[in-house]
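Chain by chain, the residues:
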Amino acid sequence: MSYFEGTFLAGNTFWVLVILAYYFLATLLPIDKIITKLYPAFGMLMIVMTTLIAGAILLEAPHLPQVADVFAYFDGHHEHDFLTPNPDGAPIWPLLFLTITCGAISGFHSTQAPIIARCLTNEKYVRPVYYGAMVCEGIVACVWALAGIAAFPGGYVELKAMLAQGGPGLVVNHIATSYLGVFGGVMAILAVAVFPITSGDTAFRSLRLTIVDAFNIPQSLRNRLLLSVPILTIAYLMTLLDFSLIWRYFAFSNMLLSTSVLWLATKYLFDRGTFHWIVSIPAVIGTSMTVAYIATAGIGLNLPMDYSKPIGVLVAVVGLIGLVVAHNKRTVPAV
């Protein structure tokens with residue numbers, strides 16, 4: 001193998017093209033041809049590695065904060081660096097919910113709901129599939145968050161130094177190998193890498209289906225090609241941009257989409273005179289976070305960060321008042 005070939009195969013361009021080729025097939029072909037063949041294996045890999053990481057944390061995680069340390073933190077005594085505020089001065093509100101994009105509340109996952117619904121053979125499967133998936137992802141997120149805390153006793157400063165050295169991949173490798181050794185670390189990295197890849201194939205597929213449904217386009221092979229090729233071409237061009245910038249826009253659009261879906265669900269329940277607070281209250285909170293972020297973010301209005309909290313509170317109060325007023329004026333339809 002020549003130097004060029006070795007460099008190409010080891011570089012980002014080769015793997016980007018491989019992943020985009022998979023995305024093209026997953027977007028073009030029926031869901032039972034590729035996606036449903038691979039997802040059981042991908043899911044099992046993630047479950048097994050998360051279980052192993054969780055077991056390792058239970059056996060040996062000396063740097064996790066104890067309950068007494070947490071109380072000491074709120075009393076003003078910072079025994080551990082990882083309990084101190086962000087050294088860069090970034091506020092927890094609303095950045096925490098934008099940083100943990102799909103773990104906090106996910107507009108992206110709401111776009112996958114129609115695909116999952118089409119795969120269910122009986123309506124009784126809705127609760128275990130949707131609710132069960134949400135609980136499982138929450139557990140996975142908590143396990144890896146605890147693993148990250150325990151693996152970086154130096155807190156944010158140590159984590160930031162490793163991110164600057166090798167990015168998120170190095171962080172995952174450090175966490176996984178710390179608990180599972182070299183082999184387990186490789187498997188864990190594969191499991192973590194699978195998640196964004198599987199997010200991409202369903203995202204592109206749902207985008208094609210959304211366009212098809214919106215414009216009532218027949219799903220012939222020719223039409224699928226005419227839609228898939230431009231979508232994947234744009235995706236490739238986006239890989240040439242700064243990923244951190246793309247991620248900030250994704251974080252905002254994810255929150256905006258999730259909040260919009262919550263308001264849509266609120267409208268659906270509201271018009272039917274049923275209990276809507278289970279989605280309307282989260283919709284108010286999501287709106288508060290979304291507006292507070294875009295008002296103070298560099299990609300938005302770029303106002304001082306100190307404004308994020310009062311802006312968020314004001315939006316939440318106005319939204320809640322409007323919701324209560326609309327609720328009291330609501331006319332419940334006759335059964």
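Bear in mind that the values here come from a model prediction, so they are computed numbers and not experimental data.

Caption draft 1: Up close: the pattern of salt bridges. Per the counting criterion, the structure on display carries one salt bridge. Note that Lys267 and Asp271 form a salt bridge whose closest N and O atoms lie 3.3 Å from each other. Taken as a pair, Lys267 and Asp271 lie in helix α11 (residues 243–271) at a separation of four residues, close to a single helical turn. Look at Lys267 and you get partly exposed, because its relative accessible area is 48%. Its relative accessible area of 38% is what places Asp271 among the partly exposed residues.

Caption draft 2: Structural view of helix α13 (residues 308–329). The first and last C-alpha atoms of α13 sit 32 Å apart over 22 residues, in line with the 32 Å expected at 1.5 Å per residue. Residues of α13 that are buried in the fold lie against α5 (92–99), α11 and α12 (277–296).

Caption draft 3: The arrangement of the confidence of the model for the protein in detail. Taken as a whole, the protein shows an average pLDDT of 80; of its residues, 85% reach a score of 70 or greater. Note on residues 1–8: pLDDT is under 50 here. Beyond four places in sequence and across chains, it has five contacts. Across residues 73–84, where pLDDT falls below 50, the model places 22 contacts with residues more than four positions away in sequence or in other chains.

Caption draft 4: Structural view of the packing of helix α3 (residues 35–59) against helix α8 (residues 126–151). It is the contact of α3 with α8, at a shortest axis distance of 10 Å, that shows an interaxial angle of 45°. Judged on the interaxial angle alone, α8 and α3 are oblique. Here α3 runs over α8; the crossing is left-handed. Along the contact surface, α3 presents Met46, Thr50, Ile53, Ala54 and Ile57, while α8 presents Val140, Val143, Trp144, Leu146 and Ala147. Within the contact of α3 with α8, the residues separate by chemical class into nine nonpolar, one polar and no charged.

The rules behind these values
- Each chain carries its own residue numbering, running from 1 in the direction its sequence is written.
- Per-residue local features of the predicted model are confined to residues with pLDDT of at least 70, and side-chain atom pairs are confined, for both listing and counting, to 80 or more; whole-chain, interface and lining totals are unaffected and use all residues.
- Side-chain numbers here rest on the full set of heavy atoms in the structure, without hydrogens or water.
- The working definition used for a salt bridge is a side-chain nitrogen of Lys or Arg within 4 Å of a carboxyl oxygen of Asp or Glu.
- Per the convention used, a helix needs a DSSP run of H or I reaching at least four residues, while a strand needs a run of E reaching at least two, with both numbered from the N terminus.
- Buried means the residue's accessible area, taken with a 1.4 Å probe over protein chains only, is under 20% of the maximum for its type, while exposed means over 50%, and partly exposed covers the values in between.
- The span you would expect from a helix comes to 1.5 Å times its residue count less one.
- The criterion used for residue contact is that any of the two residues' heavy atoms lie within 4.5 Å.
- pLDDT is a per-residue confidence score from the predictor, ranging from 0 to 100.
- An axis is simply a line fitted to the C-alpha atoms; with a helix, the fit covers only the stretch in contact. Between two such axes, the angle follows the N-to-C directions and lies from 0 to 180 degrees.
- Orientation labels follow simple angle bins: below 35 degrees gives roughly parallel, above 145 gives roughly antiparallel, 65 to 115 gives roughly perpendicular, and whatever is left gives oblique.
- Each crossing is labelled by how the near helix is turned from the far one, with a counterclockwise turn of less than a right angle marking it left-handed and a clockwise turn marking it right-handed.
- Classes in brief: Ala, Val, Leu, Ile, Met, Phe, Trp, Tyr, Cys and Pro nonpolar; Asp, Glu, Lys and Arg charged; the others, Gly included, polar.

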